[in-house]
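Overview (structure and organization)
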Amino acid sequence: MTNIDITNKLVMHPTRTFLMLVLLLSGTMCFSQKKITTAGFSLSLNNTGQLSFLSLNGPSSENYLVKDSASHLLQLYSRDQLYAPVSATFNKTGVIFQYEGNRSATVSIIPAKNYIRFTLTRISGEAEAVVWGPYHLTVKDSIGVNTGVIRNGQVAIGMQALNTKTTGGALRNAEGTLEGRGTAAAVNGDGAVLQAFSIDRTKDRKIAVWSRWKDIPVKGIPEGTLTGSSIALFASGSSGVLPVIAEIELGEKLPHPLYNKQWIKQSPYPGLPYMITSFSEDNIDTALYYAKRMGLAGVYHEDPFVKWGHFELNPTLFPNGIKGFASCVKKAHAMGLRLGFHTLSNFITTNDAYVTPVPHPHLATAGYSSLAGSISGDETAIPVQDPAYFSMNSDLNSVRIGNEIIRYREVTKEVPYQLLGCVRGAFGTQKLSHAQYDTVSRLMDHPYKVFFPDWILQKEIASNIAAFINATGADQMDFDGHEGTFSTGMGNYSMATFAEEVYRQSKHPVVFGSSMPDHYFWHMNDYLNWGEPWYGGFRESQTDYRIDNQKFYELNYLPNMLGWFLVTPQTTTEDIDWMLARAAGYNAGYALVLRMETIKKNPDIATVTERIREWTEAQKKGLFTADQRNWLKDPANEVQLVRQPEGLTLVRYKKYSFIHHRKILQPGEPTSSEWNFTIPSSDDRAKIVLSAKGKTGQADNISIELDRSVRVRIPVSLEAGQSVVLDNTDSVKVFSSNGKMLLKVPVQTSLPELKEGAHHLLADAAFSDDADISLQAVIRIVDTRENLKKDQ
C-alpha cells in the first residue's frame, strides 16, 4: 500500500457492470432507497450504497451532495485498488454491501436525535482497509480539516470518527498517517469532501514509518480489526456544530472533558495565557506570585524530568520527588491557578530504566537480522546474516542483542557482513556473549537521541504519564513530540490511542495540548499553542506562522493561541505591548516563558507585570470593540494600554520609516539623507530605531539631526542586522539581529519633545568598503488616543 490517492481514484472494473447485470437478472438487487431522518436533517442511501440525498429538514430541502460525484458510504481497499459497492440490501438494522471479488460488508445504521451512527459490523473477503466516503458536498466556505466540519452561512455538515481505530482523513499510506494538519474535511474541486478510514492491523505487515524507516516489520494487534470502524454524520445550522458534537460525545461515550461542570470546548479556560518556567520546590512561590499578578491561568514546567519513559523528576528541582511536585500543585490550586508539566510523549531517554541497565524487549525496532556467528563480550566487529536494516545511519546507530545494546559505526557492503566500530554495552547495558543465530534488532531512534516503544510498551508509558498526573494533581500537559507515537507503525491510530489512554486513566480534569492535531484526539485536545521563540527576536520569531495559525484554530473550534514568547532580561515594555496587542486582537492566549533569571535581571519586570495584568483583564472583560480588535491583529501596528483616572486608554502609535543609502559623491558634498514627517495630534517624545539593513558590513559615525537643531551622535558601530534605539534618556541601546540587547551606551544629547506639526529628520553614516547595508530610521510617535469600553 504505497502512494495511495483515493480521493478521486475509483476505477470502474470491467466486471462490475456484468456483476450488476447478474444481480439485476437474479432478482437479488434492491432498488429501494433507504431514507434516514433525524430531528434536524435527512439522509438517503441508494441501491448501490451511495449517499443520494442530504438536506436539512425544512421547506427548502436543498440537497448538499454534489450531483455528479459518487459519495459511497463505505468502500473497500485491497491490493492498491479501491472497491465501491455494486449493490446495497437494506434491513431493519442497516445495510449489506456487495463488492466485486466475493467481498461483502455489513454496516449498522442507528439514527440519534441529531446524528446518524454507521458501524462496520461484519466484513468478508479480502480487504486491507475500509474507507468511509469520500462524501462530496457543495458546501465549501469554511473547512475544518481537523474536526471534519464543512460549513457556510446557513448549514454545517460534519463527520466524526467514533473510535481511535477510525481515522478521520484520507487514506494515503499503509502506516495510516495523515497529511498536514488533517484531511477529515478537504477541498475537492468546486466543493469539499468528508472522509475517514480504518486499516486492518491484525496481520503482520512491512511498511514505512515516518517515511524514513523503510520496510519496518510491524506485528499485528488483535484490537486492530476492521469491524468496529464507526462514524457519525450530521448536518445542522451553521451555528449548531458544537451542540451536536457534544451530543455525539455523550451518546457514543467519547471523551467529553469538563471544567467547572462546563464542557471545555465551550469554555474560555483552555485558551487563557499561562506562564512557562523551570520552577522548583524552592522558587514555586515566586512563579505563582507573578502568574497570579499577571492574570495568567497557571504555571507550566518546561523541563521537570531527568528521564523520559518512567518520568523521573529532576532531584535538584524536586528533592522530595513526587511529593515535592504535588506540594507545588497544591500551592497553585490554592491560588486558583493550574500547574502543568512538559514532556515528549513516548520518547524514551537513554538513561531511563526501559534502556539501562537491561533494555526492554519492547523497544521499537526498525528491523532485524541474526548473528552469523557467536561473539564474545569484547568483539567490535559483529557478523550479521543480512545488512539491510543496518545500512541507514541514524542518530544513535544502535542494535539490541538480548540484554545488550550495541552502537556501531557502519555495516560492510559485501559478505561477510559485519557491524564495524561497535561500542559494546552501550548506555550502561552489560557486555555479553551471544550465540550464532541470536536476533540482532535495529532500534528506532530520533535526533533528540532517544529510543521509542512499540505498541505494547507504549501503553505502559501512557499509564506512567497518567500515574504522574494522578499522584501530583497536575492539570496541564502537552503531548509534545506526539508524532513519536508513529514509532509503533500504527499511524494516527497510535497517536489517538496513546492520548486517550492518558486521558481516561487521569482521575481529574487535565488541560491537554499537543505538537500536532488529530481528528479523534480533538475531543481531548483543549488547545494547540504553536509558535516558538527560538528563531529570532521577540517580535520576529515565527510571526507569520503564529498569525496564520489563527484561521486554522477558528475553523476547527479550537481556542486562539499565539504560541510561546520568551521574556529575557532585555525584553522591553514595548515588546510586551506588541505581543499583548496581538493577543487582544485575536482574543488569543499565549505562553509567557519567564525564567527566574529574567525576573531578577529585567529592570522593567514590575512594569511588564502590570502591563500584562491590564491587557489580560481588558481582554477577559471584552473591553475592545470589533474595530479595535481588527486593528490590533496587524503585527505592524504599535500600541500601548494606559490606565487613566477615567479608565483604560488605547494609545495608537504611528511609524515613519526612512532609508539612508551609501552615497558616492565628490569630496565635500554632504552624504546625509533628509526627510519630513508630521506629528499628527499632540506633543510627543519620539522614539527612533536605527537599523543596519543588509547582510554584510558595518555602519560607523552614525548621527541624526532633528528639526535642523538637535544633533545626536551615536558612539557605536552597527554590524549588519544590528539596531540602536534612541529615546528621551541619556543613553542608547544596541540590539542584535534576534533582539538581544548587546550594550547600553551614554550619549551627550537625548531626543527632545516634538510639537504637533511638521518636522525634519537628517541621518548620516559611513559604511565599510565591503558593506551592502543601508541605514533604516524608524520614528514612532503617538497617533491617536481612545478610551476603551467601560467595565460593566
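Residues numbered from 1 in each chain as written. Predicted model: local features only at pLDDT ≥ 70, side-chain atom pairs only at ≥ 80, totals over all residues. Heavy atoms only, no water.

A word on the overall build of the protein chain
Of the regular secondary structure elements, the protein chain holds 11 helices and 54 strands. A principal-axis box enclosing the C-alpha atoms of the protein chain has dimensions of 100 × 85 × 65 Å. Looking at the protein chain residue by residue over its 792 residues, the buried ones come to 59%. The long-range share in the protein chain, meaning contacts at least 24 apart out of those at least 6 apart in sequence, stands at 69%. In the form shown here, the protein chain has an accessible surface area of approximately 32,500 Å², with 50% of it arising from carbon and sulfur atoms. Each charge sign in the protein chain was given a centre, from 78 positive and 80 negative side chains, and these centres are 5 Å apart. (Helix = DSSP H or I, 4+ residues; strand = E, 2+ residues; numbered from the N terminus. Buried < 20%, exposed > 50% of the residue type's maximum accessible area, 1.4 Å probe, protein only. Contact = heavy atoms within 4.5 Å. Areas by Shrake-Rupley, 256 points an atom, 1.4 Å probe, with all protein chains shown as cover. Lys, Arg positive; Asp, Glu negative; His and termini not counted. Charge placed at Lys NZ, Arg CZ, Asp CG, Glu CD.)

Some details on unusual backbone geometry
In this model, threonine 356 is joined to proline 357 through a cis peptide bond whose omega is 5 degrees. Within the element layout of this structure, proline 357 appears in the loop between β27 (348–349) and β28 (365–370). Residue proline 416 is reached from valine 415 by a cis peptide bond, and omega for that bond is -5 degrees. Relative to the assigned elements, proline 416 resides in the loop between β32 (410–411) and β33 (418–420). Unlike most non-glycine residues, lysine 253 shows phi in positive territory, near 60 degrees. The topology assignment puts lysine 253 in the loop between α2 (241–251) and β20 (258–259). Using a relative accessible area of 67% as the deciding quantity, one classes lysine 253 as exposed. A positive phi angle is found at serine 345, which is not glycine, with a value near 45 degrees. Its location among the elements puts serine 345 in the loop between β26 (338–343) and β27.

A few points about helix α10 (residues 605–620)
In a regular helix each residue adds 1.5 Å, so 16 residues correspond to 22 Å; α10 covers 22 Å between its end C-alpha atoms and thus fits that length. Every buried residue of α10 is accounted for by Ile605, Val608, Thr609, Arg611, Ile612, Arg613, Glu614, Trp615, Thr616, Ala618 and Gln619. Once α10 finishes, glycine 622 follows within two positions and takes phi at roughly 70 degrees, a positive value. (Expected span 1.5 Å × (residues − 1).)

Some thoughts on the pairing of strand β46 (residues 698–706)
Burial runs high along β46: seven of the nine residues are buried. With two bridges connecting them, β46 and strand β48 (residues 718–719) associate as antiparallel partners. Residue pairing across strands places alanine 699 opposite leucine 718, the latter belonging to β48. Inspection of the sheet shows β46 paired to strand β47 (residues 710–714) by five bridges, in the antiparallel sense. Opposite isoleucine 704, over in β47, you have valine 712 as the bridge partner. Linking β46 to β47, which pair antiparallel, is a turn of three residues; within it aspartate 707 sits at a positive phi near 55 degrees. (Pairing = 2+ DSSP bridges.)

Some remarks on the environment of valine 710
Topologically, valine 710 is positioned in strand β47. For the pair valine 710 and leucine 761, spaced 51 residues apart in sequence, the C-alpha to C-alpha distance is 9.9 Å.

So, the packing of helix α5 (residues 455–472) against helix α6 (residues 491–505)
Look at α5 against α6: their axes get within 8 Å of each other, and the N-to-C directions meet at 35 degrees. The two elements α5 and α6 cross, and the hand of that crossing is right-handed. Residues Trp455, Gln458, Lys459, Ile461, Ala462, Ser463, Ile465, Ala466, Ile469 and Asn470 of α5 pack against Tyr493, Ser494, Thr497, Phe498, Glu501, Val502 and Gln505 of α6. Of the residues belonging to the contact of α5 with α6, the class tally is nine nonpolar, six polar and two charged. (Axes fitted to C-alpha atoms, helices over the stretch in contact; angles between N-to-C directions. Left-handed = near helix turned anticlockwise from the far one by under 90°. Nonpolar A, V, L, I, M, F, W, Y, C, P; charged D, E, K, R; others polar.)

So, the sheet that holds strand β30 (residues 398–401)
Spatial strand order, β28-β34-β30-β31: four strands in an open sheet with antiparallel pairing. At either margin of the open sheet sits one strand with a lone partner, and together these are β28 and β31 (404–407). Along the sheet, successive strands turn relative to each other by an average axial angle of 30 degrees, direction set aside. Two elements, β28 and strand β34 (residues 439–443), share five bridges in a ladder whose sense is antiparallel. When the sheet's bridge partners are listed, threonine 365 is paired in β34 with leucine 443.

Considering the pairing of β26
With six of six residues buried, β26 is to be regarded as a mostly interior element. The alternating pattern of β26 places Arg338, Gly340 and His342 and Leu339, Phe341 and Thr343 on opposite faces, both of which are buried. Examined bridge by bridge, strand β23 (residues 298–301) and β26 share four bridges and lie parallel to one another. Note on β26: the bridge partner recorded for glycine 298 is arginine 338. Across four bridges, the pairing between β26 and strand β37 (residues 476–479) is parallel. What sits directly across from phenylalanine 341, in β37, is methionine 477.

Topic: helix α3 (residues 284–294)
Residues separated by three or four positions in an α-helix point in the same direction, a consequence of the helix having 3.6 residues per turn. Those residues of α3 that fall on the buried side of the exposure criterion are Ile284, Ala287, Leu288, Tyr290, Ala291 and Met294. Viewed along the axis of α3, the buried residues span an arc of 165 degrees, placing them on a single side of the element. A positive backbone phi angle near 85 degrees is found at glycine 295, which sits one or two residues after α3. (Arc of directions from axis to C-beta.)

A few points about the nonpolar core
Within the largest apolar cluster, 176 residues are counted, with the highest numbers of intra-cluster contacts made by Phe118, Trp132, Phe325, Leu339, Tyr590 and Trp615. In terms of residue count, the dominant contributor to this core is helix α8 (residues 573–586) (eight residues). When sequence neighbours within four positions are dropped, the list of residues in contact with phenylalanine 325 reads Phe279, Pro304, Leu313, Phe318, Leu339, Gly340, Phe341, Phe468, Thr472 and Ala474. Tyr656, Ile704, Leu726 and Val747 belong to the second largest nonpolar core, which has 35 residues in total. (Core = buried A, V, L, I, M, F, W, Y, C linked by side-chain atoms within 4.5 Å.)

Remember that the coordinates give geometry; whether it matters functionally is a separate question.
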